[in-house]
Amino acid sequence: MDSNEQAAHIYTVSELNALAQHALEERFPNPVWIEGEVTNYRQGSGDHLYFSLKDASCEARCAFFGGSRIKGMNQIMENGLK
């Protein structure tokens, strides 16, 4: 396969997620702790929490889905927290 054929590959959502998961798990085999300021916090339907963590130059969008989050998390989460 030449470079033009390789560049033309269109990934499915599943393929992209699998590649990203593999790359992250390979690079970070242990749990990763991230520190940042909570922004854009909101509680969605189904007991899900959505928010961003930001620092001086970047922002990462995050979600806790129902049972995967720490019990009572919505009572301690708010915009501006670090």
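1. A look at the overall build of the chain
Now for step 1: The secondary structure content of the chain amounts to three helices and three strands.
Now for step 2: Starting at the N terminus, the α and β elements of the chain follow one another as α-α-β-β-β-α.
Now for step 3: The 82 residues of the chain split such that 15% are buried.
Now for step 4: A separation of at least 24 residues holds for 29% of the contacts in the chain among residues at least 6 apart in sequence.

2. Focus: the packing of aromatic side chains
Now for step 1: On inspection of all chains with the given rule, the structure shows two aromatic pairs.
Now for step 2: Seen in terms of ring centroids, Tyr50 and Phe65 are 6.3 Å apart; in terms of plane orientation they differ by 80°. Their pairing is edge-to-face. Separated by 15 residues along the polypeptide, Tyr50 in strand S2 (residues 49-54) and Phe65 in the loop between strand S3 (59-64) and helix H3 (73-76) bring together distant segments of the chain.
Now for step 3: Judged by its relative accessible area of 25%, Tyr50 falls in the partly exposed class.
Now for step 4: Looking at Phe65, the relative accessible area reads 47%, which means it is partly exposed.
Now for step 5: Cation over ring: Arg27 sits above Phe28, and NZ or CZ is 5.1 Å from the ring centre.

What counts, and at which threshold
- Residue positions within a chain follow its written sequence, with the count starting from 1.
- With the structure being a predicted model, the display of local features is reserved for residues of pLDDT at least 70 and the display and counting of side-chain atom pairs for 80 or more, all residues being used for whole-chain, interface and lining totals.
- By convention in this description, side-chain values take in all heavy atoms of the structure and omit both hydrogens and water.
- We count a stretch as a helix when DSSP gives it H or I for four or more residues in a row; a strand needs E for two or more, and each element gets its number in order from the N terminus.
- The rule is simple: take the accessible area with a 1.4 Å probe, protein chains only, and divide by the maximum for that residue type; under 20% is buried, over 50% is exposed, in between is partly exposed.
- Two residues qualify as a contact provided that any one of their heavy atoms is within 4.5 Å of a heavy atom in the partner residue.
- Planes of paired rings set the category: under 30 degrees apart is stacked, over 60 is edge-to-face and the rest tilted, where pairs are Phe, Tyr or Trp rings (Trp by its six-membered ring) whose centres lie within 6.5 Å.
- Cation placement over rings: the criterion is NZ of Lys or CZ of Arg within 6 Å of the ring centroid and within 35° of the ring normal.

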